[in-house]
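# What the coordinates show
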Amino acid sequence: MGQRIYLNNNWRFTKNFNKEMLDKSFDYSVLEEVRLPHSCVETPFNYFDEGIYQMVSGYLREIEVPRDWEGKKIILTIDGAAHESEVFLNGEKIGDHHCGYTAFFIDISDKLLIGDKNILVVKVDSREDRNIPPFGFVIDYMTYGGIYRDVYIDVFNPNYIEDIFMHSNVDIGNIPEIEITSEVSLNTYMEGASIVQYIKKKDAKEYSLLGELPLGEKDTTISLKAKNIELWDIDKPVLYMIKSQLKQGDKVLDEKIITTGFRKIEFRKDGFYLNNRKVKIRGLNRHQSYPYVGYAMPESMQRLDADILKYELGLNAVRTSHYPQSHHFIDRCDEIGLLVFTEIPGWQHIGDDEWKEQAIKNTRDMVLQYRNHCSIILWGVRINESLDDNSLYMRTNEIAHKLDKTRPTGGVRNIKKSSFLEDVYTYNDFSHDGKTKGCEEKKKITPDMDKPYLVCEYNGHMFPTKAFDNEKHRQEHALRHARVLDAINEQEDIAGSFGWCMFDYNTHRDFGSGDRICYHGVMDMFRNPKLAADVYASQADERHILSISSSMDIGEHPASNRGLVYIITNADIVRMYRNDQFIKEYKKEDSSFKYLKHGPILIDDYIGDLIKDNEDFKPAIAKDIKEALNAASLYGLNNLPAKIKLKLARLMSTKGLDYPKAVELYTKYIGDWGGSSRTYKFEAIRDGRVVKTVIKAPMEKVSLKADASHTDLIEKTSYDVALVRIKAVDEYGNVLNYFNEPVVLETEGAIDIIGPRVISLKGGMGGTYVKTKGEAKEGRLRISCPHLEDIIIDFIVRIE
């Protein structure tokens, strides 16, 4: 019944708020015209100071109010503005908000000029010296500024449904019947009011009646039974739409539709259970930032990140570090079955009493605003990695449980055996340093073994990795993620883990690599995968994954020794060939990562039967020579294991293998130095057929490859954006990690570029964003690089 009107277009913006903006005679035509979501400044990709976005900016917009709004309730919602906001209507202050990560709502019914033009002004303070979370000390992420989420008005009848929290205490034994509980809040008490509820699957056409119940108070809890219900699950995320109508007699006064799913979640002392089935949580942490525009990206880009996590990285969970994130992102998590751990804003620091009161309010706002998302399984009610503060955290726990009795709480810390007030002991385990075990045991961390335990961060700053780091470094990055995942899986009483993190991100001067980037992601900032991304992707079966950790170019390595090289795959079998000669067949059982579904597999044979078939040695001697040469390929001639050295000595002293012949064999079968380079082919086999082939050979041709997230751009409530990921590849599709050349971006028609029009690839990868301009027609992006063939991507823009 209510009417929602989005106010994302036709704003005027200034980086310097001035009180003159509140005067009705102010000439706002001199201000820049912008659309929301909006960042108060466009930043460089890297090497910029965080002061660039710290300002007190101003946003101004006209609102035309038709006469039929008279007598209605008009609610203004600002879904996210970083970080302190004051709102003015026709020169009068009507509200403020002191959190950059939650929405706020203002009743403007009595302030609007009906049938006239109204001027809405929002003053946004993005300075980082505010006495609110997450500010007060250093922060390992940039916080940006601007109105970066949607703004809209809801027009209601005088009596309307203010909120409904919908949930069900699922009894698996009674499925497919459940009892749906609705905690209904009206804007005001109404005598004789009732609620009628209807239900349908999200993709169904018709609703069916659930029932009608009276509302005895302004806030009432009602329950109705629903039949033939399918549960929401990570593999089959069934969603339902429940329509609630507010009635007085036969008159329908308001209508509210909640989209949700029904599931049973439990954190037990031995792990996490979804619908009575034990599920190992496997996720990554996600910041909500993007190159150039910080937090300001529309619905399509928010949803894309959820899709990347689920479908490209093969994950079943995400932690929204370190603050609540866009409803568009969480909506998509609901739709695709991605579990969510969301938490209040903050990073290590706890401020004074005023600061703490804001943290408590943030907890309240987070739970109230996000509790209908069925994908959310855990509320984070501690400031990330903060010290114990029982008086504060007793209150945040209490308010979370009061507002939502269906979900447990957690509180992410980096302290062992700390004060444990929450339901789940959530801990950042950075113990793995490449040599130590992947994780610590639960009993060494939590003070209460009878309660659940969850790892919320690992790796990250322990081993920053750039896409353009050397090959061995990139491989070690991948292996560290594999080791932690393997160790987490081994510990049956750990509910799961969230790695740090999904993608690289801009950060403050106190962190990162000096260029204002934390290279902690398994992807770069444009969501291009590093090698570590395939460790996660290979744990799922939906996509065919086959990666080789080396380009097989010997000059990349000291003394031209490749050392350890790994296959990362989810195939049943991988066949390896050298110059089209079969070498070996690898199976997933060959992995030393015994607790991973598909662990990295060490390539331990570069020879196969070639010595036996081509050299004049007895079989036993050929076998020993093969073992020695393969050991040399793995460890180098100067680092051979003692048993191999003994074997070589025996071969050379008693079996007729002289030094010149040994050098000849090494050069022929292992060392490429001074000889012709070799071509390696790997075939991934699933269900008896080749599903993917990777060829590693010296490149002869460089090409650009570009993939757009979508080319059908649709403007709904604001502009649309497409991500275009760009790579330099060889003729076999391998990324050329040291190709860092400039790329020129040109647009025509209905699209424009976000960020610079000349970029450089980093680690052979990069990207750009194309943005619609409010024109319903075609657009074209041309991507060019000197000496390479141009790429052209055509877009269609539609306006709904």
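Note that the coordinates shown come from a computational prediction; the quantities given were computed from them, not determined experimentally.

Here is what the cut-offs are and how they apply
- Residues numbered from 1 in each chain as written.
- Predicted model: local features only at pLDDT ≥ 70, side-chain atom pairs only at ≥ 80, totals over all residues.
- Heavy atoms only, no water.
- Helix = DSSP H or I, 4+ residues; strand = E, 2+ residues; numbered from the N terminus.
- Expected span 1.5 Å × (residues − 1).
- Buried < 20%, exposed > 50% of the residue type's maximum accessible area, 1.4 Å probe, protein only.
- Core = buried A, V, L, I, M, F, W, Y, C linked by side-chain atoms within 4.5 Å.
- Axes fitted to C-alpha atoms, helices over the stretch in contact; angles between N-to-C directions.
- Parallel < 35°, antiparallel > 145°, perpendicular 65-115°, else oblique.
- Left-handed = near helix turned anticlockwise from the far one by under 90°.
- Contact = heavy atoms within 4.5 Å.
- Nonpolar A, V, L, I, M, F, W, Y, C, P; charged D, E, K, R; others polar.
- Pairing = 2+ DSSP bridges.
- Phe/Tyr/Trp six-rings, centres within 6.5 Å; stacked < 30°, edge-to-face > 60°.
- Lys NZ or Arg CZ within 6 Å of the ring centre and 35° of its normal.

Before going further, it helps to examine helix α8 (residues 619-635). Since the α-helix advances by 3.6 residues per turn, residues separated by three or four positions end up pointing in the same direction. Along its 17 residues, α8 runs 24 Å from first to last C-alpha, staying within 8% of the 24 Å computed at 1.5 Å per residue. Where α8 is concerned, the buried positions are I621, A622, D624, I625, A628, L629, N630, A631, A632, S633 and L634. G636, located one to two residues past α8, shows a positive phi value of around 85°.

A separate point is the nonpolar core. Membership of the largest hydrophobic core comes to 150 residues, with the highest contact counts inside it found for Y59, L313 and I783. Top element by residues in this core is helix α5 (residues 471-490). It accounts for seven residues. Counting residues in each nonpolar core, the second largest holds 38 residues, with L546, I611, A622 and V691 among its members.

Moving on: the packing of helix α1 (residues 299-312) against helix α2 (residues 327-336). Between α1 and α2, whose axes approach to 8 Å, the crossing angle comes to 40°. By the angle between their axes, α1 is oblique relative to α2. For the element pair α1 and α2, the recorded crossing hand is right-handed. Side by side, α1 and α2 meet where E299, Q302, R303, D305, A306, D307, L309, K310 and Y311 of the first sit next to H328, F329, R332, C333, E335 and I336 of the second. Per-class residue counts for the contact of α1 with α2 are six nonpolar, two polar and seven charged.

Our next topic: the sheet that holds strand β13 (residues 161-168). With antiparallel pairing, the three strands of this open sheet are ordered in space as β13-β14-β17. Either end of the sheet is taken by a strand with one partner, and the two such strands are β13 and β17 (219-226). Shown here is a sheet whose adjacent strand axes are inclined to one another by a mean of 20°, direction ignored.

This paragraph deals with the packing of aromatic side chains. Remark: the centre distance and the inter-plane angle together describe each pair of aromatic rings, the angle taken between the planes. Applying the stated criterion to the full structure yields 28 aromatic pairs. With a centroid separation of 5.3 Å and 55° between ring planes, the pair formed by Y6 and Y152 is classed as tilted. Placement of the pair is Y6 in strand β1 (residues 3-6) and Y152 in strand β12 (residues 151-156), with a sequence separation of 146 residues. Taking 6.4 Å as the distance between ring centres and 40° as the angle between the ring planes, the aromatic pair formed by Y425 and Y453 counts as tilted. Placement of the pair is Y425 in strand β28 (residues 425-428) and Y453 in strand β29 (residues 453-457), with a sequence separation of 28 residues. Accessibility assignment for this pair places Y425 and Y453 in one class, buried. Members of the aromatic cluster, each reached through a chain of ring pairs, are Y53, Y101, Y141, Y144, Y148, Y295 and Y323. The ring of Y207 has K243 sitting right over it, with the charged end atom 4.4 Å from the ring centre.

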